Amino acid sequence: MVALALVWLGASAAGAQAATGRPRVDPSWLRVDAGSKTAEFQLIAGLTGLNGALNFNGFRDGRLTLTVPRGWHVVLHFRNHEGMLPPSAEVIDDTRPVPTGPAPAAFDRAFTLRLAEGLPPQGEDDVRFVADRVGSFLIFCGVPGHGTQGMWIRFRVSGQARRPTVTS
């Protein structure tokens, strides 16, 4: 468990990008415990300089999708990797246009501390909730203006999926 935590915390900007400079999915971001039906996802704000660091895990504008089966426990291990901007995260309904600031969470307790203000550089928070309804949602930065500038990825709860996945 300690070694896995070190791998998660050691995720780097270089590890998130392929040789082409485009972001890629790092398999260490997702840990699955099928016995307890728990998906743990390392959600890293500002992992790369993409979009002025307004990204999650090096992706913006919904180009990364975390999918979990309905009824699973979800833990988003949020970390602000960026040195200047104070981001946050919440799971909201998939709406267009995206909100300009914090919106009601789609699941009970599906948001970080300091939602509108954001967390400081290297700030961390764990978001824990049960994905108890099927649908398409967004993992969205609630700091005013960040989401509208592309700081959001997709979150999907599936009635057919047997195992959590993360795809680009």
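Residues numbered from 1 in each chain as written. Predicted model: local features only at pLDDT ≥ 70, side-chain atom pairs only at ≥ 80, totals over all residues. Heavy atoms only, no water.

A. A look at the overall build of the protein. What the protein contains, in helices and strands, is one helix and nine strands. Starting at the N terminus, the α and β elements of the protein follow one another as α-β-β-β-β-β-β-β-β-β. For the protein, the proportion of its 168 residues judged to be buried stands at 49%. Partitioning the contacts of the protein with sequence separation of at least 6, the portion at a separation of at least 24 is 70%. Of the roughly 7800 Å² that the protein leaves accessible, carbon and sulfur atoms contribute 55%. (Helix = DSSP H or I, 4+ residues; strand = E, 2+ residues; numbered from the N terminus. Buried < 20%, exposed > 50% of the residue type's maximum accessible area, 1.4 Å probe, protein only. Contact = heavy atoms within 4.5 Å. Areas by Shrake-Rupley, 256 points an atom, 1.4 Å probe, with all protein chains shown as cover.)

B. Layout of the nonpolar core. One finds F41, F56, L76, V91, I139 and F155 to be the most contacted residues of the largest nonpolar core, which totals 36 residues. Listing elements by their share of this core, those giving two or more residues are β2 (38-45), β3 (65-69), β4 (73-80), β6 (124-130), β7 (135-140) and β8 (152-158). If you tally residues by element for this core, the top one is β2, at five residues. Other than its neighbours up to four places away in sequence, V91 contacts L76, P104, A105, A106, F107, A110, F129, F137, L138, I139 and F155. Counting six residues, the second-largest nonpolar core is a separate cluster that includes I92, V98, F140 and W152. (Core = buried A, V, L, I, M, F, W, Y, C linked by side-chain atoms within 4.5 Å.)

C. Spotlight on the side chain of T48. Looking at the element boundaries, T48 is found in the loop between β2 and β3. Taking relative accessible area as the criterion, T48 reaches 6% and is therefore assigned buried. Polar contacts involving the side chain of T48 include one to the main-chain amide nitrogen of L50, which spans 3.2 Å. (Polar contact = N/O pair within 3.5 Å; in protein donor to acceptor, adjacent residues only side chain to side chain.)

D. Local environment of the sheet that holds β2. Spatially, the four strands line up as an open sheet ordered β1-β2-β4-β6, and their pairing is mixed. Every interior strand has two partners, whereas the edge strands, β1 (30-33) and β6, have only one. Strand-to-strand, the axes of this sheet are offset by a mean angle of 15°, without reference to chain direction. When β4 meets β6, the two strands line up antiparallel, connected through seven bridges. (Pairing = 2+ DSSP bridges. Axes fitted to C-alpha atoms, helices over the stretch in contact; angles between N-to-C directions.)

E. Fine view of the pattern of salt bridges. Here the structure, examined in full by the defined rule, presents seven salt bridges. In this structure, R60 and D61 form a salt bridge, with 2.6 Å as the shortest nitrogen-oxygen distance. Looking at D61, the relative accessible area reads 25%, which means it is partly exposed. Each of the salt bridges in this network shares a partner with another, and the network as a whole consists of D94, R96 and R154. (Salt bridge = Lys/Arg side-chain N within 4 Å of Asp/Glu carboxyl O.)

F. Expanded view of unusual backbone geometry. In this structure, P97 follows R96 across a cis peptide bond, with omega equal to -10°. By the secondary structure assignment, P97 is in the loop between β5 (90-93) and β6. Non-glycine residue N57 carries a positive phi angle of around 55°. The topology assignment puts N57 in the loop between β2 and β3. Taking relative accessible area as the criterion, N57 reaches 0% and is therefore assigned buried. Positive phi outside glycine occurs at R109, with the angle close to 70°. Within the fold, R109 resides in the loop between β5 and β6. Since its relative accessible area comes to 53%, R109 is described here as exposed.

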